[in-house]
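A structural walkthrough
Chain by chain, the residues:
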2 protein chains.
Amino acid sequence: MRKQDSTNARNEELILRNCGMAYTLHVIGGRWKASILYNLLEGRMRYNELRRAIPGVSERMLVAQLRELEEHGLVKRNVFPEVPPRVEYELTELGKSTEAMLQCMSAWGNMHRQKEQVVAAQ
Amino acid sequence: MRKQDSTNARNEELILRNCGMAYTLHVIGGRWKASILYNLLEGRMRYNELRRAIPGVSERMLVAQLRELEEHGLVKRNVFPEVPPRVEYELTELGKSTEAMLQCMSAWGNMHRQKEQVVAAQ
DNA sequence: TTAAGTACTAACAAAAAAGTAAGTATGCGA
DNA sequence: TCGCATACTTACTTTTTTGTTAGTACTTAA
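What comes next is a walk through the structure. Numbering of residues starts from 1 in every chain and runs along the sequence as written. Lettering of chains starts at A and numbering of ligands starts at 1, both following the order in which they are written. Under the rules for a predicted model, residues below a pLDDT of 70 receive no local features and side-chain atom pairs below 80 are neither given nor counted, while totals for whole chains, interfaces and linings still include all residues. The side-chain numbers reported here are obtained from all heavy atoms of the structure, hydrogens and water having been left aside.

This part is about the protein's contact with DNA strand D. Here, proximity means that at least one heavy atom of the residue falls within 4 Å of the molecule or strand. Around DNA strand D, the surrounding shell holds 31 residues, and the nearest of these are Asn11, Glu59 and Arg77 of chain A together with Arg60 and Val83 of chain B. In DNA strand D, atoms within 4 Å of the protein come 77% from sugar and phosphate. The term polar contact refers here to a pair of N or O atoms within 3.5 Å; inside protein, the definition further demands a hydrogen-donor-capable atom paired with an acceptor-capable atom, and it admits residues adjacent in sequence only when both atoms are side-chain atoms. In the model, a phosphate oxygen of DNA strand D is placed 2.5 Å from a nitrogen or oxygen of the Asn11 of chain A side chain. Contact distances for DNA strand D include 2.3 Å between a phosphate oxygen and a side-chain N or O atom of Arg77 of chain A. At the level of elements, helix H1 (7-18), helix H4 (47-53), helix H5 (59-71) and strand S3 (86-91) of chain A together with helix H1 (7-18) and helix H5 (59-71) of chain B are the ones that each hand at least two residues to the surface near DNA strand D. Labels follow the DSSP assignment, with helices taken as runs of H or I lasting at least four residues and strands as runs of E lasting at least two, numbered in each case from the N terminus. With four residues, the single largest contributor to the surface near DNA strand D is H5 of chain A.

Rendered as structure tokens:
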């Protein structure tokens, strides 16, 4: 839960208003969101498929991150009224619009991580 | 301080190893880093210049975020042995190499934020 | 002589994010 | 009828991040 009247919350709002980059970080930042988006870029997936595809994620965290992505309009949740239940997650158009950006971030990250390993090995 | 043996810390390490995107988020994510990088892309700046340019940041946080950027090799700290002291911060080559990515994130963020405001106004 | 400016640091407190454990309802196969 | 599978939810604890306050040492201007 957020406290509306904390300096922390006010600072975040302030930055989100002024800085598109911070806004992006706010939307796609979060421990498991990169992994979720990465998987969904390949196509729709069921809840438990995602869970198995992302090692280490707990149910609570997976749901929480999916809900946040849904709130921000990147992910759509489709519920099929079946038994056993079936819920599929897929990217919205807005979600898909992140692809180029995410690839850019992925490429930069992979490159940078390599450099760090070279330095650490010396 | 990080606890090396927490699930939290282990999960983060796991993700950083496997996902370039998560690595990038780890390096440029943090409340004030977007603002710092944005300012330094224009050229070198003194500590207090940065502080005045970033409304809301406290000294402790500004220093902490600068140190992290320095550790990751994005920012260089230049100390001039003068009185009063002068310390200038500037982007390294690696820091500059983020420019295209940051602009991409900035553009996406600005676009998405606009959409959200349109939706909220209805 | 007092205040302001320089660039910080340290000890601490508050807030937010992440993780743990157990429980929900339903149906199917053994 | 026991356990497993589906897709979660709730209450709670731990860890991490962010913010607060006061202090450092030096110089110049009022």
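On we go.
What follows deals with the pattern of salt bridges. For salt bridges, the criterion is a side-chain nitrogen of Lys or Arg within 4 Å of an Asp or Glu carboxyl oxygen. Tallying each qualifying case throughout the model produces 18 salt bridges over all chains. Between Arg31 of chain A and Glu12 of chain B there is a salt bridge; the shortest N-O distance is 3.9 Å. With Arg31 of chain A in the loop between helix H2 (20-28) and helix H3 (33-40) and Glu12 of chain B in helix H1, the pair connects residues from two separate chains. A residue is classified by how much of its surface remains accessible, and Glu12 of chain B, at 15% relative accessible area, is buried. Arg44 of chain B is the salt-bridge partner of Glu88 of chain B, the closest N and O atoms lying 3.5 Å from each other. Burial classification: accessible surface area is computed with a 1.4 Å probe over protein chains only, and a residue below 20% of its type maximum counts as buried, one above 50% as exposed, and the rest as partly exposed.

Locating Glu71 of chain A in the fold gives a position in helix H5. Between the C-alpha atom of Glu71 of chain A and that of Val27 of chain A, which follows or precedes it by 44 residues, the distance is 9.6 Å.

Moving on, we get to the protein's contact with DNA strand C. Not every one of the 31 residues close to DNA strand C is listed here, only the nearest: Arg60 of chain A together with Asn11, Asn48, Glu59 and Arg77 of chain B. Considering DNA strand C, the proportion of its atoms within 4 Å of the protein that are sugar or phosphate atoms stands at 79%. A distance of 3.1 Å separates a phosphate oxygen of DNA strand C from a polar backbone atom of Arg31 of chain A. Between a phosphate oxygen of DNA strand C and a side-chain N or O atom of Trp32 of chain A, the distance comes to 3.0 Å. Contributing elements (two or more residues each) for the surface near DNA strand C: H1 and H5 of chain A together with H1, helix H4 (47-53), H5 and strand S3 (86-91) of chain B.

Our focus in this paragraph is the relation of the copies chain A and chain B. Least squares is the method used to superpose the copies, on C-alpha atoms of residues holding a pLDDT of at least 70 in both. Least-squares fitting of chain A to chain B yields an RMSD of 0.0 Å, with the transformation described by 0.0 Å of translation along the axis and a rotation of 180°. Here the copies are linked by what is in effect a two-fold axis.

The next point concerns the packing of H3 of chain A against H5 of chain A. Residues and elements named next belong to chain A. Angular values range over 0 to 180 degrees, each being the angle between N-to-C directions of two axes fitted as lines to C-alpha atoms, with helices fitted over their stretch in contact. Viewed as axis vectors pointing N to C, H3 and H5 meet at an angle of 70°, and their least axial separation amounts to 10 Å. Comparing their axes, H5 and H3 come out roughly perpendicular. Pair H3 / H5 crosses with right-handed handedness. Residue-level inspection shows Lys33, Ile36 and Leu37 of H3 in contact with H5, the latter providing Leu62, Gln65, Leu66, Glu68 and Leu69. Residues belonging to the contact of H3 with H5 are distributed by class as follows: five nonpolar, one polar and two charged. Throughout this description, any angle smaller than 35 degrees is read as roughly parallel, any larger than 145 degrees as roughly antiparallel, any in the 65 to 115 degree range as roughly perpendicular, and the remainder as oblique. Crossing handedness is defined as follows: a turn of the near helix away from the far one that is anticlockwise and smaller than a right angle gives a left-handed crossing, while the clockwise case is right-handed. Contact criterion: two residues are considered in contact whenever any of their non-hydrogen atoms come within 4.5 Å of each other. Residue type decides the class: Asp, Glu, Lys and Arg count as charged, Ala, Val, Leu, Ile, Met, Phe, Trp, Tyr, Cys and Pro as nonpolar, and the leftover types, Gly among them, as polar.

Turning our eyes to something else, we now look at the interface of chain A and chain B. At the junction of the two partners, chain A supplies 43 residues and chain B supplies 43 residues. Two parts placed together each lose some accessible area; with a 1.4 Å probe, that loss summed over both constitutes the buried area. Taking both sides of the interface into account, the surface hidden between chain A and chain B amounts to around 3,800 Å²; carbon and sulfur atoms contribute 69%. Inspection of the region where chain A meets chain B yields two salt bridges. Along the contact surface separating chain A from chain B lie 14 residue pairs in polar contact (both at pLDDT 80 or more). Every element with two or more residues in the side of chain A that touches chain B is listed here: H1, H2, H3 and helix H7 (99-121) of chain A.

With that settled, consider H1 of chain A. Residues and elements named next belong to chain A. Between the first and last C-alpha of H1 there are 16 Å, a value that for twelve residues agrees with the 16 Å anticipated at 1.5 Å per step. Along H1, the positions that sit buried rather than exposed are Ala9, Asn11, Glu12, Ile15 and Leu16. An end-on view of H1 places all buried positions within 160° of arc, on one side of the element. Counted as exposed and oriented over 90 degrees from the buried face of H1: Thr7, Arg17 and Asn18. For a helix, the expected span equals 1.5 Å multiplied by the number of residues minus one. To obtain the arc, one takes the directions from the helix axis to the C-beta atoms.

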